Amino acid sequence: MEIESMVANSALIKAREGGGKGRSWKWKEMLRFPQINQCVDLAMNIERDYHSLCVKQPIGKKLFQLFCQSQPDLQKFICLQDALEAFETKSDEERREFGMSIIQRFLSSQSGQCVSTMLMHEESCLQNLELDPCGDVFQDCTEDLHKHLQGEPFVLYQESMFFDRFLQWKMLERQPISKHTFRQYRLLGKGGFGEVWACQVRATGMMYACKKLDKTHVKKRRGEGMALNEKQILEGLDSRFVVNLAYAYETKHALCMVLTMMSGGDLRFHIYNIGVPGLDRDRVQFYAAEVCCGLIHLHEKSILYRDLKPENILLDDNGHIRISDLGLAVRLSDGSLVRGRVGTLGYMAPEVISHKHYGLSADWWGLGCLIYEMTAGQPPFRARGEHPKSYEMERRIQTEQEEYGDKFSKEVKDLCALKINFRMLEAGVVEAPFKPDVSIFISAVHEATEL
Ligand code: ADP
Ligand code: MG
Ligand code: MG
């Protein structure tokens, strides 16, 4: 077993580094574009919505921009769009100067690059920038830009070869997925209904984590609803702070979800298994802020997560985190509340424990518990090594005020308000304060799952 697991590890490490078997020639064939005449049906049926086709979908956006760049009178619009997007990723200090350069370059009539249909925004953007460079300085301007692009340019785009190429990409996306699409590496972890394996798309070499739910197991424990729920919820999400569902397929024995690969271990491991339990303040702050962004994304889609705890927060190679394991998440319809004692006892909010109706508050309670545990190196209602009976845990959560030891500075309580620039964090341009040593971790997980 020892040797087998070492071989499995080194194969995985090689694959991650782009070595190993890499892309396979045979499977690369799968990525050959279909003939354009094979796309006729798709062309007839695809919804011709500008925002969906040219703003939201990355490939669609890229092709629309390439089209615009091929048209002399549209190039400026794309330069402006790029500049406006870059503006959103600037730090607070840089915004005034960068915003000014945008106005001078694109919105002033003296400039050679000015976009004539946008000149009317010069005054108001200047004012906005003066008033509050961190606000929505260019909102009206951006809306106007899209209004322009979704008119004639969007019509011409759909008649161009760039749109043909887009349809070919869409056809590729619709190819059936099966277990043969992937090469399987080693086991990453085990959960309630099955296992999570490292896998690689044969055609592209991209690495993922494949969560396989064993059908018999799911049936026995009446988990069909839960399994379907996780997939359906993941399908509707798009956040860099929640694991992404790349593919889903089924085999005779399993339901498979192919997820963002997170090789840096979970927060539980980082809190307890490396040195003194607990994390430094800068890491606590950073993880809390990223989890917060993930929760906000879920809540904006009316999804309540309900399972916040260190095990479910996973790190990637670069030290960024994502929320994972959405098996308990639930969609709230129209601001309504739900009921149900769901979650993990130590992290459940009082309103969850006491069978009351609850809403988003349950997740913010969970975030509080998480910040507490990262800071103290132990969960809020249970001492290290102590295993209270569940009624005792319930009593403590409902009636006791948690204690803040000397590891808690005053600031920790209002952590999230401190110095984190959420705009930049959301744009993915903030570097993590800590990078996990992935190679060490890979073997560590394996030992843990062996036990
Ligand atoms: P369950 O819902 O059954 O608890 P999880 O989604 O929590 O299953 O997955 C079980 C374990 O698999 C996790 O604890 C983790 O170790 C590993 N795992 C899950 N998702 C990923 C991922 N995206 N990348 C790497 N490992 C993962
Ligand atoms: Mg889990
Ligand atoms: Mg789960």
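Remember, it's a predicted structure, so these values are computed and weren't measured experimentally. (Residues numbered from 1 in each chain as written. Chains lettered and ligands numbered in written order. Predicted model: local features only at pLDDT ≥ 70, side-chain atom pairs only at ≥ 80, totals over all residues.)

## Comments concerning the overall build of the protein chain
No. 1: The helix and strand inventory of the protein chain stands at 21 helices and nine strands.
No. 2: Relative to the 2.2 N^0.38 estimate, which gives 22 Å for 451 residues, the radius of gyration of the protein chain is 25 Å and therefore close to what a compact globule would have.
No. 3: If one aligns the C-alpha atoms of the protein chain with their principal axes, the spans along those axes are about 70 × 55 × 40 Å.
No. 4: Every one of the 451 residues in the protein chain was classed for burial, and the buried ones make up 31%.
No. 5: Intrachain contacts of the protein chain at a sequence separation of at least 6 include 63% that bridge at least 24 residues. (Helix = DSSP H or I, 4+ residues; strand = E, 2+ residues; numbered from the N terminus. Rg over C-alpha atoms; globule rule 2.2 N^0.38 Å. Buried ≥ 20, exposed ≤ 12 C-beta atoms within 10 Å, placed from the backbone. Contact = placed C-beta atoms within 7 Å.)

## Some words on the site of ligand 1
No. 1: Taken together, 20 residues sit near ligand 1, with Gly189, Gly191, Val196, Ala209 and Met262 positioned nearest.
No. 2: Among the elements that line the shell around ligand 1, the one with the most residues is strand E1 (residues 182-190), at three residues.
No. 3: Looking at the shell around ligand 1 residue by residue, the classes come out as nine nonpolar, six polar and five charged.
No. 4: Counting residues domain by domain, the shell around ligand 1 receives three or more from each of domain 1 (2-22 + 176-260) and domain 3 (267-445). (Near = placed C-beta within 6 Å. Nonpolar A, V, L, I, M, F, W, Y, C, P; charged D, E, K, R; others polar. Domains from an automatic or database assignment.)

## Looking at unusual backbone geometry
No. 1: A positive phi angle, near 60 degrees, is found at serine 302, a position not held by glycine.
No. 2: Along the chain, the position of serine 302 falls in the loop between helix H15 (281-300) and strand E6 (303-304).
No. 3: The phi dihedral of histidine 355 falls on the positive side, at around 60 degrees, and the residue is not glycine.
No. 4: Tracing the chain through its elements places histidine 355 in the loop between helix H16 (350-353) and helix H17 (361-376).

## Comments concerning the environment of glycine 385
No. 1: Here glycine 385 shows up in the loop between H17 and helix H18 (390-399).
No. 2: In this structure glycine 385 comes out as exposed when scored by C-beta crowding, with 6 C-beta atoms within 10 Å.
No. 3: Between the C-alpha atoms of glycine 385 and cysteine 39, which are 346 residues apart in sequence, the distance is 62 Å.

## Description of the UniProt feature "active site" (unreviewed entry) in the protein chain
No. 1: Mapped onto the present numbering, the UniProt feature "active site" (unreviewed entry) falls at Asp307.
No. 2: Along the chain, aspartate 307 turns up in the loop between E6 and strand E7 (313-315).
No. 3: Ignoring any residue separated from it by four or fewer positions in sequence, one finds aspartate 307 in contact with Asn312, Asp325, Leu328, Gly343 and Thr344. (UniProt positions renumbered as here; feature names shortened; annotations may be inferred.)

## Structural notes on helix H13 (residues 224-235)
No. 1: Under the 1.5 Å per step criterion, the end-to-end length of H13 is 17 Å for 12 residues, consistent within 8% with the ideal 16 Å.
No. 2: Regarding H13, the residues found buried are Ala227, Glu230, Ile233 and Leu234. Down the axis of H13, the buried side of the element spans an arc of 140 degrees, and every buried residue falls inside it. Turned more than 90 degrees away from the buried face of H13 sit Gly225 and Glu235, all of them exposed.
No. 3: Where the residues of H13 are buried, they touch strand E3 (207-214), helix H12 (215-220), strand E4 (245-250), strand E5 (254-260), E6 and strand E9 (330-331). (Expected span 1.5 Å × (residues − 1). Arc of directions from axis to C-beta.)

## Notes on the pairing of E5
One face of the sheet, then the other: side chains in a regular strand alternate in exactly this way.
No. 1: The buried fraction of E5 amounts to six of the seven residues, a majority that puts the element mostly inside the structure.
No. 2: Bridge count between E3 and E5: seven bridges; the pairing is antiparallel. Directly across from alanine 209, in E5, lies its bridge partner leucine 259.
No. 3: As defined by bridge partners, E4 adjoins E5 across five bridges and the pair is classed as antiparallel. Considered in E5, the bridge of tyrosine 247 is made with valine 258.
No. 4: Connecting E4 to the next strand, E5, in antiparallel fashion are three residues. (Pairing = 2+ DSSP bridges.)

## Here we look at the nonpolar core
No. 1: With 70 residues, the main nonpolar core has Ala209, Cys210, Tyr287, Val291 and Tyr305 as its most contacted residues.
No. 2: Sorting elements by how many residues they give to this core places H15 first, with nine residues.
No. 3: The two domains that each donate at least three residues to this core are domain 1 (2-22 + 176-260) and domain 3 (267-445).
No. 4: When neighbours within four sequence positions are excluded, tyrosine 305 is seen to be in contact with Leu295, Leu298, Ile323, Leu326, Ala329 and Asp363.
No. 5: Counting residues in hydrophobic clusters, the runner-up holds 30 residues, among them Cys54, Phe77, Phe162 and Phe166. (Core = buried A, V, L, I, M, F, W, Y, C linked by C-beta atoms within 7 Å.)

## Focus: the sheet that holds E3
No. 1: The sheet built from five strands is open, its strands ordered E1-E2-E3-E5-E4 with antiparallel pairing. Looking at the sheet topology across the chains shown, the edges are occupied by E1 and E4. Here the strands of the sheet are splayed against their neighbours by 25 degrees on average, with no regard to which way each runs.
No. 2: Its contacts with the sheet put H13 on E3, E4 and E5, and the angle it makes with E4 is roughly 145 degrees. (Axes fitted to C-alpha atoms, helices over the stretch in contact; angles between N-to-C directions.)

## Description of the environment of leucine 295
No. 1: Note on placement: leucine 295 falls in helix H15.
No. 2: C-beta crowding within 10 Å serves as the criterion here: with 23 such atoms nearby, leucine 295 is assigned to the buried category.
No. 3: The spacing of leucine 295 and leucine 360 is 65 residues in sequence and 9.4 Å in space, taken between C-alpha atoms.
No. 4: Setting aside chain neighbours within four positions, we find leucine 295 in contact with Tyr305, Asp363 and Leu367.

## Looking at the environment of asparagine 9
No. 1: Its place among the elements puts asparagine 9 in helix H1 (residues 2-16).
No. 2: Through-space distance from the C-alpha of asparagine 9 to that of arginine 186 is 6.9 Å; in sequence the pair is 177 residues apart.

## Structural notes on the domain arrangement of the protein chain
No. 1: Each domain of the protein chain was delimited in the assignment, giving domain 1 (2-22 + 176-260), domain 2 (36-173) and domain 3 (267-445).
No. 2: Computed from C-alpha atoms alone, the centre-to-centre distance between domain 2 and domain 3 is 37 Å.
No. 3: In this assembly, four residues from domain 2 lie in contact with five residues from domain 3.
No. 4: Of the residues belonging to the side of domain 2 that touches domain 3, the class tally is no nonpolar, two polar and two charged.

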